[in-house]
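So you can see what is in the structure, the chains are spelled out below.
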Amino acid sequence: MKKITSLLWVLLICISIPNNLYAWGKKGHALVAEIGYTLLDSNTKLQVVKYLDGMSLSEAGNWMDNMRSDPRYEYMKQWHYVNIEKGNQYEETKEDNIINALNAAIGKLKNRQSLSDEEVKKNLLVVFHLVGDLHQPLHVGYGSDKGGNAIQVKYLDNSSNLHRVWDTDIIEGEKITINDCLLLYKNFDSAEIAQLKAINVERWIREPRSLLQNVYAIQDNNVIDQAYVDKNKKIIEQQLLIAGLRLSAVLEYVFKS
Ligand SMILES: [Zn+2]
């Protein structure tokens with residue numbers, strides 16, 4: 001009976017977890033965290049392991065989404081994205097958005113002498129998650145359609161929305177693996193890698209922003225077909241790789257002694 005009750009709880013908890021409205025799905029964030037960690041130098045790996053304090057990379061990447069319904073973290077709600085209408089450029093603002101949240105967390109980690117280990121961990125989890133989100137084009141998309149959440153589509157034969165297609169459907173449907181992403185590393189020469197890793201959050205939104213034209217190249221009937229999936233799968237793999245690469249750059253920068 002006890003077993004059945006706990007199983008019921010697990011089921012209930014699973015059912016009550018809301019869809020990830022504003023994030024790479026669980027798998028996407030796990031991939032970014034794992035790629036980022038894989039690319040770290042050994043000293044930074046030790047620091048990350050120390051501060052994560054037993055938390056897995058997948059949990060670290062997904063923590064901000066897992067805490068979404070926790071009222072203590074209500075203030076982080078706007079941190080997952082920035083809205084910039086079509087044709088506009090990002091303009092500096094004091095409002096909460098992914099750029100400001102990420103820059104703030106990086107700044108705090110760099111000057112972490114005054115932080116408790118718990119605060120270091122929290123800012124680390126923010127960095128793990130938001131570097132990932134930043135590279136999903138619909139996290140730097142248009143507020144008018146809620147970053148694609150308001151666009152209902154048919155993904156192959158299933159009902160979905162455009163945001164979800166990019167967060168989750170293609171990554172899971174195409175069974176994208178860490179190796180698929182890491183294999184693309186060879187497409188960049190060392191100068192390009194160095195350029196990609198140069199830390200500049202505002203500049204980092206340019207690529208995902210420019211990818212929005214691919215994202216919105218859907219048929220009039222909003223059917224996402226296999227041709228669309230084939231075309232964009234590599235783009236998603238590349239964005240996951242670049243996100244992981246930049247996550248490693250940020251972590252090495254903040255933990256450099
Ligand atoms: Zn998110």
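Caption draft 1: Quick look at the overall build of the protein chain. Secondary structure summary: the protein chain contains 13 helices and three strands in total. Each of the three principal axes of the protein chain carries a C-alpha extent, and together these read 60 × 55 × 40 Å. Within the protein chain, the proportion of its 257 residues that are buried is 47%. Surface exposure of the protein chain reaches about 13,300 Å², of which carbon and sulfur atoms provide 53%. Each charge class in the protein chain was averaged separately, 30 positive and 32 negative side chains, and the resulting centres sit 4 Å apart.

Caption draft 2: Summary view of the coordination of the zinc ion. Coordination of the zinc ion by the protein comes from H80 (ND1), H129 (NE2) and D133 (OD), over a distance range of 2.0 to 2.2 Å. Classification of D133 by relative accessible area gives buried; the value is 0%.

Caption draft 3: Inspection of the pattern of salt bridges at higher detail. Overall, the coordinates contain seven salt bridges when judged by the stated rule. Its salt-bridge partner being E74, residue K77 comes within 3.7 Å of it at the nearest N-O pair. Note on K77: relative accessible area 32%, which makes it partly exposed. Of the residues examined, E74 reaches a relative accessible area of 45% and is grouped as partly exposed. A salt bridge links R246 to E207; the nearest nitrogen and oxygen atoms lie 3.1 Å apart.

Caption draft 4: The arrangement of the packing of helix α5 (residues 98-110) against helix α6 (residues 117-134) in detail. Contact geometry for α5 and α6: axes closest at 9 Å, N-to-C directions at 140°. With respect to each other, α5 and α6 are oriented oblique. α6 is crossed by α5, and the crossing has left-handed handedness. Residues I98, A101, L102, A105, I106, K108 and L109 of α5 pack against V120, N123, L124, V126, V127, L130, V131, D133 and L134 of α6.

Caption draft 5: The pairing of strand β2 (residues 158-161), seen in detail. In terms of strand pairing, strand β1 (residues 152-155) meets β2 through four bridges, oriented antiparallel. From the neighbouring strand, V153 faces β2, where its bridge partner is S160. Where β1 folds back on β2, the antiparallel hairpin that results is connected by two residues, among which L156 adopts a positive phi of roughly 50°.

Caption draft 6: Representation of the packing of aromatic side chains in the model. For the coordinates displayed, the defined rule picks out five aromatic pairs. Between W63 and Y73, the ring centres sit 5.0 Å apart and the planes meet at 75°, which makes this aromatic pair edge-to-face. Highlighted residues: W63 in helix α4 (residues 57-66) and Y73 in the loop between α4 and α5, separated in sequence by 10 residues. For the residue pair W63 and Y73, the accessibility class agrees, reading buried in each case.

Calculation notes
Residues numbered from 1 in each chain as written. Predicted model: local features only at pLDDT ≥ 70, side-chain atom pairs only at ≥ 80, totals over all residues. Heavy atoms only, no water. Helix = DSSP H or I, 4+ residues; strand = E, 2+ residues; numbered from the N terminus. Buried < 20%, exposed > 50% of the residue type's maximum accessible area, 1.4 Å probe, protein only. Areas by Shrake-Rupley, 256 points an atom, 1.4 Å probe, with all protein chains shown as cover. Lys, Arg positive; Asp, Glu negative; His and termini not counted. Charge placed at Lys NZ, Arg CZ, Asp CG, Glu CD. Donors = N, O, S within 2.8 Å, 3.2 Å for Na, K, Ca; no water. Salt bridge = Lys/Arg side-chain N within 4 Å of Asp/Glu carboxyl O. Axes fitted to C-alpha atoms, helices over the stretch in contact; angles between N-to-C directions. Parallel < 35°, antiparallel > 145°, perpendicular 65-115°, else oblique. Left-handed = near helix turned anticlockwise from the far one by under 90°. Contact = heavy atoms within 4.5 Å. Pairing = 2+ DSSP bridges. Phe/Tyr/Trp six-rings, centres within 6.5 Å; stacked < 30°, edge-to-face > 60°.

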